[in-house]
Amino acid sequence: MDTASEDSFQEFVLTLPTGKDWDGAPLLLHNDTWCPAYCIRGVVSFQQNFRAQDTDIIITSLPKSGTTWLKALTFSVVNRHRCSPGESPLITTPPHELVPFFESDLYLKSQNPDLDFPPPRILSCHTHYTALPQSIRDSNCKIVYTCRNPLDQAVSYFHFIRSRASGSTKPVSSIDECFESMCRGVQSHGPFWNSMLGYWRASLERPDKVLFLKYEDMKEDIIVSLKRLAEFVGFPFTEKEEKEGVIGEISRLCSFENLKDLEVNRNGFHSSGFSNSAFFRKGEVGDWGNHLSPSMAETFWKIVEEKLDGSGLTF
Ligand code: A3P
């Protein structure tokens, strides 16, 4: 970026409303989304510069909704003819390195990142549907969104952000302190309702383009979800593969228990500063019941119902 463009970018950033994440880290409101300030350059550059190819597969989500899992599953489905689950790159490389984020991994570092790898490219973002680069919406590329019960998502985010060891931000002390932000949707890539509703509506209008998966459904029946995913991204399982148990092998490779225990996911750090292990906590449905008091849960549910009212999206 030349000096003039850098100056105008900095001026633009100064016009954005500011907020604070649950550990005090700065957020900027851009396109109705609370973006972490550290990656605002990546967010904007991705929107302006990315050119989708028809063969691309884009994994999207609100953070803490099962992104890591969906990346591992999609990577395994698409690459299963190149390497068997026993030889998968997932054994030696974290899912977030195999499927990088546009905003924080690619466009934060360069306005023109190297995306010259063999199709289909599997890439990911937390950007809301309405703010995606036009070429993603216009091309024939596929979008897969993972959605999670907002109460579990919030509890997962609370634990995740607590794990960030950083001298520059205030440690999160209690869930009560975060509750007010939670209810206002102020969190990284929130509000949750904008993220979910954008992809939900797009999946209803363009089911060939957007696949809307729910974390809870994947937990309930991963085989059915894997078949839907494989079919949607254009790599359906054959009858022979089904009989040979390939779907079960992929589900076991990508299971919480397996990924969490791999050396590569127990050590090291993601580019966002979080440890790789922070992406694997409990992997359960309904953990909110262990952390939110009944009155907090009731208040939060009311907000969820009000925000999703009339959309047909339920939990
Ligand atoms: P919990 O904090 O509730 O355990 P994301 O990948 O979007 O950051 O979401 C992280 C959440 O997904 C965490 O939830 C994490 O434990 C869970 N998770 C990670 N890998 C998973 C897997 N393979 N299967 C199921 N859940 C997984």
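Reading the values: the criteria
- Residues numbered from 1 in each chain as written.
- Predicted model: local features only at pLDDT ≥ 70, side-chain atom pairs only at ≥ 80, totals over all residues.
- Heavy atoms only, no water.
- Core = buried A, V, L, I, M, F, W, Y, C linked by side-chain atoms within 4.5 Å.
- Buried < 20%, exposed > 50% of the residue type's maximum accessible area, 1.4 Å probe, protein only.
- Contact = heavy atoms within 4.5 Å.
- Phe/Tyr/Trp six-rings, centres within 6.5 Å; stacked < 30°, edge-to-face > 60°.
- Helix = DSSP H or I, 4+ residues; strand = E, 2+ residues; numbered from the N terminus.
- Pairing = 2+ DSSP bridges.
- Axes fitted to C-alpha atoms, helices over the stretch in contact; angles between N-to-C directions.

A. Broad picture of the nonpolar core. If you look at the biggest cluster of nonpolar residues, it comprises 85 residues, and the most contacted ones within it are Val144 and Phe300. Setting aside residues no more than four positions away along its own chain, Phe300 makes contact with Pro150, Leu151, Ala154, Phe179, Met182, Cys183, Phe192 and Leu292. Counting residues in each nonpolar core, the second largest holds 9 residues, with Val13, Cys35, Cys39 and Ile40 among its members.

B. Summary view of the packing of aromatic side chains. In total, this model carries 19 aromatic pairs according to the counting rule given. On the numbers, 3.9 Å between centres and 20° between planes, the contact of Phe160 with Phe274 is stacked. Placement of the pair is Phe160 in helix 7 (residues 150–162) and Phe274 in the loop between helix 15 (263–266) and helix 16 (294–308), with a sequence separation of 114 residues. Residue classification places Phe274 among the buried residues on the basis of a relative accessible area of 7%. Consider the rings of Trp200 and Phe212, whose centres lie 5.0 Å apart with planes at 70°: the pair is edge-to-face. Highlighted residues: Trp200 in helix 9 (residues 192–205) and Phe212 in strand 7 (residues 210–214), separated in sequence by 12 residues. Just as Trp200 is buried, Phe212 falls in that class too.

C. Examining the sheet that holds strand 1 (residues 18–20) more closely. An order of 1-2-3 is seen for the 3 strands of this open sheet, with the pairing classed as antiparallel. The open sheet terminates on both sides in strands that have one partner only, identified here as strand 1 and strand 3 (33–36). Recorded for the sheet is a direction-independent mean angle of 40° between the axes of neighbouring strands. Across 4 bridges, the pairing between strand 2 (residues 26–30) and strand 3 is antiparallel. Within strand 3, the residue paired with His30 across the bridge is Thr33. Against the sheet, helix 2 (residues 40–49) touches strand 2 and strand 3, its axis set at about 25° to strand 2.

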